[in-house]
Amino acid sequence: MNLEFTTEELAFQNEVRQWFAENVPASLRSRADNGQMPNRDEQHGWEQVLGRKGWLVVGWSAQHGGPGWTATQRYIFDLERARAGAPPVSPFGVSMVGPVICAFGSAEQKQQHLPGIISGNVHWCQGYSEPNAGSDLASLKTAAVLDGDHYVVNGQKIWTTQAHWADWCFCLVRTDSSVKQQQGISFLLINMNTPGIEIRPIHSIDGHHHLNEVYFTDVRVPVENLVGSEGMGWTIAKFLLTHERTTIAGVADSKREIERLKQMLKDTKQGNGSRWDDPFARRRVAELEIDLAALEYTNFRTVAATEEGMGLGAESSGLKIKGTELQQAITQAMVELGGHLSLTWDNSEPVGSFAFNRTRERYNFLRAATIYGGTNEIQKNVIAKMLLGL
Amino acid sequence: MNLEFTTEELAFQNEVRQWFAENVPASLRSRADNGQMPNRDEQHGWEQVLGRKGWLVVGWSAQHGGPGWTATQRYIFDLERARAGAPPVSPFGVSMVGPVICAFGSAEQKQQHLPGIISGNVHWCQGYSEPNAGSDLASLKTAAVLDGDHYVVNGQKIWTTQAHWADWCFCLVRTDSSVKQQQGISFLLINMNTPGIEIRPIHSIDGHHHLNEVYFTDVRVPVENLVGSEGMGWTIAKFLLTHERTTIAGVADSKREIERLKQMLKDTKQGNGSRWDDPFARRRVAELEIDLAALEYTNFRTVAATEEGMGLGAESSGLKIKGTELQQAITQAMVELGGHLSLTWDNSEPVGSFAFNRTRERYNFLRAATIYGGTNEIQKNVIAKMLLGL
Amino acid sequence: MDFRLSDDQRMLDESASKYLAGQYSFDLYRKQLAADVAFDESRWTAMAELGWMALPFPESVGGFGGSLVDIQLIARRLGEKLCTDPWLTCAVLPGKVLEFAGGVNAMQLLSGVSAGTTRGALAALEANSHYDPTLIATRVTENGDGIRIDGQKSVVFGAEYAHVLLVTACAANGEAMLIAVPSSAPGVSLNHYRVVDGSRASEVNLNAVKLPETAVLARGCVAIDAVKRAIDVANAAICADLLGAASAMLNKTRDYARMRKQFSVAIGSFQVIQHYLVDMFIETQQSESLVWMAGLQGDTQECADREKAISIAKAYIARSAVMVAQKSVQIHGGIGVTEELDIGHYFRRVTHYAQMFGDRDHHVQRYMAFGQG
Amino acid sequence: MDFRLSDDQRMLDESASKYLAGQYSFDLYRKQLAADVAFDESRWTAMAELGWMALPFPESVGGFGGSLVDIQLIARRLGEKLCTDPWLTCAVLPGKVLEFAGGVNAMQLLSGVSAGTTRGALAALEANSHYDPTLIATRVTENGDGIRIDGQKSVVFGAEYAHVLLVTACAANGEAMLIAVPSSAPGVSLNHYRVVDGSRASEVNLNAVKLPETAVLARGCVAIDAVKRAIDVANAAICADLLGAASAMLNKTRDYARMRKQFSVAIGSFQVIQHYLVDMFIETQQSESLVWMAGLQGDTQECADREKAISIAKAYIARSAVMVAQKSVQIHGGIGVTEELDIGHYFRRVTHYAQMFGDRDHHVQRYMAFGQG
């Protein structure tokens, strides 16, 4: 056993760290320092910076245009990214549809779509959930009916993150309603400029606009935009769920957030001292740090298992549950430890600590962390099935 | 609204307090101070003292031989009982079979059984659970077959608390296996001296013998020992579940135990000070005290509703759940706050604090509190049914 | 022991329910939120006519001499309906500060508050005070013909709608003073902003504010005690508001769990969802018990008893209501984190009220200082 | 990063499993418990022959120079099998104290420990020390030809089977000393008793115990550091023991949930039971991660790093293992609280080890003192 990074890995860490120090825009860093998310231009601009460096699709093999890093390198990269105050990249192209096209796409699809994802010039969103198909995704109803060399798509998607920023959408659609639920589902790539698509914003309780409803009315999608064959949609969706696990626990960002909370407490005066003088506040932080350590070393074990090419079982499924619980616990501590300073919403001037004034945003935003991508309750059902074999 | 006791209630409290001060034996008090349970002689002796005073069957109406107290008086009595270091009375006669006989018993049964319960001279145990009928009580198998003027009972009961101390046992038995599960069950009174009864001890992880297996082999029980009619067993069992709620939360004993924990911390030296100087220890106690207050005032509300003759719904079912959770939390805090002093088991001389040396007993014993009488999970299922009406 | 409401209390409770059902709604709340408004003069007048402003105050100033439980009954209904009208922050809290401060000038102001014609706001906390109103950096100096105040007060709830600010300040010799500062006084400038529940608060900048000596309502212990006791009253009301919000969330979430289907069955048929709801139900029951405990035992001048009762209730309810709010969002799933549905707004209200004038952590510590024998 | 065991470690782990499966059993454990015995000379010899006594110590004293992870591998198997043989308390812990104390006399004693011929016990804690080995009331006085010790040491694990007690005592000038006291020395009297996991500990009374100066193995910081560092080693092993016990409970409880039927179905088909098991599984996984972290990062003389690693692991695992133990009993129901089934015994073992040399509370506080930047 050995927990140390190798000399090569340490050198890699130095290289990455230095590059981030030189390349993360000040505006992004300042947003991160105040717990705020980047706007569209900042996010896309940053992804293009990474794309130019070749560091956007870090999970991809060299063969498909990625850097071909080891799991450890990817972990180090993510750690340094968060430490530098850069946001996570949008996963829809890089971690979702990209790997799907690499694995299941035709040569033409690869040629058409991969370069835009690799460069960060083309942006994607994910059309999975529907109003009556949330946790129960298999009951989705959006229909794609073949009409000559096009599918005609009708239906509604919901909770579509960044649909209003996206050029393309990858969708699960029903191409056959005569077979069992999962079997009639296909995976379709839809250009968001196609006539018949209407996007309606959903505003979130953090006060921002991330989510959308997307309505499809007689949207004509060329048949060549079908990935794999008809009815393969469920297989592809399941492939995605087990694809990338080195960063699913969110360790890098949680680590940064705890450090930020400590700094906020130290920077915030209370009487003649600071909030950091409160032993109960410090203890709350300590308990978060201990929970983070457990998550971090469990993540290490998963990374190490990935390196050895070992399968990922229930062991790593727990990472999403614990990771999202910790994210929520950190943001809750941030809101609560700020006291009345955490209650201000849209003040333009800092009240005591601008960072505390903005803790509410991440706290509210991250309530969704235990919901999206399958609620934590659904995740536990899945693990229970593996454990109990019932 | 008014939380104060009336002048009459305060006078009653004084009377009761003084009587306890004069009548609780020193040996019982000393056991309570060290968190230990009384032995058979102490328990039975104490119940007889209460019986002679007429204060044993405090929940009974005057008509049946009880003191005819209000719910508030019963609550006050229980509070003072715990404060004085007296143990709760054994519920099997006083709170269970007694009220059942009062409500469902024949005149002969009343005449035969009530005096012994009221005086504390006759002791009971409860034959409900079976090896394959724990949470699922309705599937019990112990059979009572009519043979002339006797039932012949065959089967096995388990988790029978104090069977080895008991003169009588009230049993749920199956008198008809041809009808639906709950319908074929009857309520039978069995003299423990009847031939064919074998008691085997079950030792608990607190190191003591409370529980038993009871085997019935061709045990002949006179038909006049059937309570109500054949098939009424389930109705009677359900009657019992909603019978007495003023003390179900265990507030009085939890209150005493928290005070005892505070005293233990103050009495236990740590370096030049005491364990009470540890702010984190004090905080843990404070959080228990706050949880106790919530339970206590919820209990008050139930007591007040009882006074007004209002039905007891899901509101009071929560009391058992929260009450047992608090009991467990208090004992766990006692074990943990004692540090290494809580790790000794059978030392005859005190190590630092004999009370801490014995915390393990109640902690282990009370693991059963969330199991017996229907696990807390089953309790929650029941409340959910009421809440959701599904 | 008696937990029944009196006939008067039942009438008060019913009239509050009826008024809010008629005059307030989630739509109105959202409209106000979008317009950055948390006040309406006509509703204020209507509430005054219902007697809500006079309710908490002594008959000597024209009030109705209502109890703390009476205040809680209204607060619970406000929480239940997501109402952001600044009744608590512009009437109850400043009025109670004036009542407890005493003296001719305070009573005169209180008459106006009680009549609904004067609105106040308590400017006690500062950026560096956390929840402790005794940490005062704002300075007051006395000269021959009056006083001068310099400093800044933070997160002053309701200041945007207040005619008079009740400011705490500290003299060079360390003596605290409670001062009535007209919002319009020269040197007073306010920066308004939205706070987490959708209501409004302000930074109050006091830059060489000169006032006559009569503006000083109380000094030293009297001033501090008046503020602390009034904040305890506010916290009793806040507990009731949290109870109202938590009860509403519980009911709405239960109804949603019965109605919403996934995997062809109501999600309320899943045992884990059922147990979540039972936990929420039990916590809400226990919270209600402590709301009334705080209302009955917190209505006293005796400091240790009062602080103990209030801190127990707030410490417990702040945790329980937050749990109920979090689980409500979780059971609702995606729809629970949107602005469209009321659940997310209740969630924010609970965050807000759980921290307003002290979160669980603060009140557990205060209990340890005052309540542990 | 690499979490794979080396070939040697795999062999060690397998031989430990095999040995315990052959030589130890729940029946044997219960038989010993009933007889108030937690030791068997022949098993001790067997373990020594397997190299377990030599494993932790330097080759210079005849040891095998094993790592902290090597120690943890054996400890995990002992926890998994409920084994109360005092390997940790009579060999590892006192041996490590001797190793870290250094010096000729300590090394000579250590040779005996490493050979399995000498058993020791660390007598550091006292009735009033809580978990802090620097709180020493036991007194040592030096005179011309030797020393004299007076005092009492509490809850000295394994003392019943020890030839030599490693006693901490304090001189009048405040200097701490680490002293090797033969169990048979005049003035030493021991009261033995059972402790919570079923093993044995003793009160050690030192009444005018007179020893030559050479009995003093270390003084001042060296003495304290040796004790603290050895306790850290013990805590790393305790974490592994808790992991072994928790894993065993998880597996047994999962199997029980699959097999036990109520309401005509396996109780493992109830969603709430399933989620309990998932929580237990996840906590056990996370605990395992920190066991190895503590083993790898706790194996250093550098005090801050070591204490941080050990305290993080113990703080986490003490809570998780207790949760797993409590839920295991709850899922088993009645049978879980009986002496007949092993679950209740695991429950007690977890209670014991979670508190031995510091519970979560103690280690969170130590982390705050040493680990928080």
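About the criteria used
- Residues numbered from 1 in each chain as written.
- Chains lettered and ligands numbered in written order.
- Predicted model: local features only at pLDDT ≥ 70, side-chain atom pairs only at ≥ 80, totals over all residues.
- Heavy atoms only, no water.
- Helix = DSSP H or I, 4+ residues; strand = E, 2+ residues; numbered from the N terminus.
- Rg over C-alpha atoms; globule rule 2.2 N^0.38 Å.
- Buried < 20%, exposed > 50% of the residue type's maximum accessible area, 1.4 Å probe, protein only.
- Contact = heavy atoms within 4.5 Å.
- Lys, Arg positive; Asp, Glu negative; His and termini not counted.
- Charge placed at Lys NZ, Arg CZ, Asp CG, Glu CD.
- Salt bridge = Lys/Arg side-chain N within 4 Å of Asp/Glu carboxyl O.
- Polar contact = N/O pair within 3.5 Å; in protein donor to acceptor, adjacent residues only side chain to side chain.
- UniProt positions renumbered as here; feature names shortened; annotations may be inferred.
- Phe/Tyr/Trp six-rings, centres within 6.5 Å; stacked < 30°, edge-to-face > 60°.
- Lys NZ or Arg CZ within 6 Å of the ring centre and 35° of its normal.
- Buried area = accessible area lost by both parts, 1.4 Å probe.
- Nonpolar A, V, L, I, M, F, W, Y, C, P; charged D, E, K, R; others polar.

> For the overall build of chain A, give the residues involved together with the corresponding values.
Within chain A one finds 13 helices and 10 strands. For 390 residues, the compact-globule formula gives about 21 Å, and the C-alpha radius of gyration of chain A, at 22 Å, lands near that figure. When the backbone C-alpha atoms are referred to their principal axes, chain A occupies close to 75 × 50 × 50 Å. Within chain A, buried positions represent 58% of all 390 residues. Considering only residue pairs separated by 6 or more positions, chain A has 71% of its internal contacts joining residues 24 or more positions apart. Averaging the coordinates of the 37 positive side-chain charges in chain A and doing the same for the 44 negative ones gives two points 4 Å apart.

> Now, about the interface of chain A and chain D: what can you tell me, with residues and values included?
Counting residues at the interface gives 42 residues for chain A, matched by 42 residues for chain D. At the boundary of chain A and chain D, one finds six salt bridges. Between A:Lys322 and D:Glu283 there is a salt bridge; the shortest N-O distance is 2.5 Å. Where chain A packs against chain D, one counts 16 residue pairs in polar contact (both at pLDDT 80 or more). At the level of secondary structure, the elements contributing two or more residues to the side of chain A that touches chain D comprise α8 (251–267), α9 (279–307), α10 (314–337) and α13 (376–388) of chain A. Per element, the largest residue contribution to the side of chain A that touches chain D is 18 residues, and it comes from α9(A).

> Help me get a handle on the pattern of salt bridges, residues and values and all.
On inspection of all chains with the given rule, the structure shows 98 salt bridges over all chains. Linking D:Arg360 and A:Glu287 is a salt bridge whose minimum nitrogen-to-oxygen distance equals 3.3 Å. Taken together, the residues D:Arg360 in helix α11 (residues 360–370) and A:Glu287 in helix α9 connect one chain to another. For D:Arg360, a relative accessible area of 12% translates into the label buried.

> Give me the lowdown on the UniProt feature "domain: Acyl-CoA oxidase/dehydrogenase middle" (unreviewed entry) in chain A, citing residues and values where you can.
Residues given the UniProt feature "domain: Acyl-CoA oxidase/dehydrogenase middle" (unreviewed entry) here are residues 125–219 of chain A. Here residues 125–219 of chain A runs as 0% helix and 51% strand, with 17 Å between its end C-alpha atoms.

> Describe the packing of aromatic side chains, with residues and values.
Here the structure, examined in full by the defined rule, presents 49 aromatic pairs over all chains. Note on A:Trp19 and A:Trp46: the rings are 6.1 Å apart at their centroids and 35° apart in plane angle, and the pair reads as tilted. Placement of A:Trp19 in helix α1 (residues 7–23) and of A:Trp46 in helix α3 (residues 40–53) is noted, with a sequence separation of 27 residues between them. Of the two residues, A:Trp19 and A:Trp46, neither departs from the other in class, the shared state being buried. Site record: aromatic cluster; members linked through ring pairs are A:Phe12, A:Trp19, A:Phe20, A:Trp46, A:Trp55, A:Trp69 and A:Phe77. In this arrangement the basic side chain of B:Lys53 is found over the ring face of B:Trp55, its NZ or CZ atom lying 4.8 Å from the centre.

> Please provide a residue-by-residue account of the environment of A:Val335, values included.
Within the element layout of this structure, A:Val335 appears in helix α10. In this structure the C-alpha to C-alpha distance between A:Val335 and A:Phe104, which are 231 residues apart in sequence, comes to 44 Å.

> Go over unusual backbone geometry, please, and point to the residues and values.
All names here are of chain D. One non-glycine residue with positive phi stands out, namely Asp36, at about 55°. Relative to the assigned elements, Asp36 resides in the loop between α2 (26–34) and α3 (41–49). Its identity as a non-glycine residue notwithstanding, Ala208 has a phi of 50°, on the positive side. Topologically, Ala208 is positioned in strand β7 (residues 200–211).

> I'd love a proper account of the interface of chain B and chain D, names of residues and values included.
Frequently, the measure chosen for interface size is the accessible area removed from exposure when the parts meet. Contact with chain B, which involves 45 residues of that partner, is made by 48 residues of chain D. Interface area for chain B against chain D, summed over the two sides, is near 4,000 Å², with a carbon-plus-sulfur share of 60%. Contact with chain D buries area across many residues of chain B, yet B:His340, B:Leu343 and B:Trp345 alone supply 20% of it, more than any other trio. Counting the contacts that link chain B with chain D gives 22 residue pairs in polar contact (both at pLDDT 80 or more). For the side of chain B that touches chain D, the secondary structure elements donating two or more residues are β6 (197–203), β9 (269–270), α10 (314–337), α12 (359–365) and α13 (376–388) of chain B. Sorting elements by how many residues they give to the side of chain B that touches chain D places α10(B) first, with four residues. Considering only residue class, the side of chain B that touches chain D consists of 16 nonpolar, 20 polar and nine charged.

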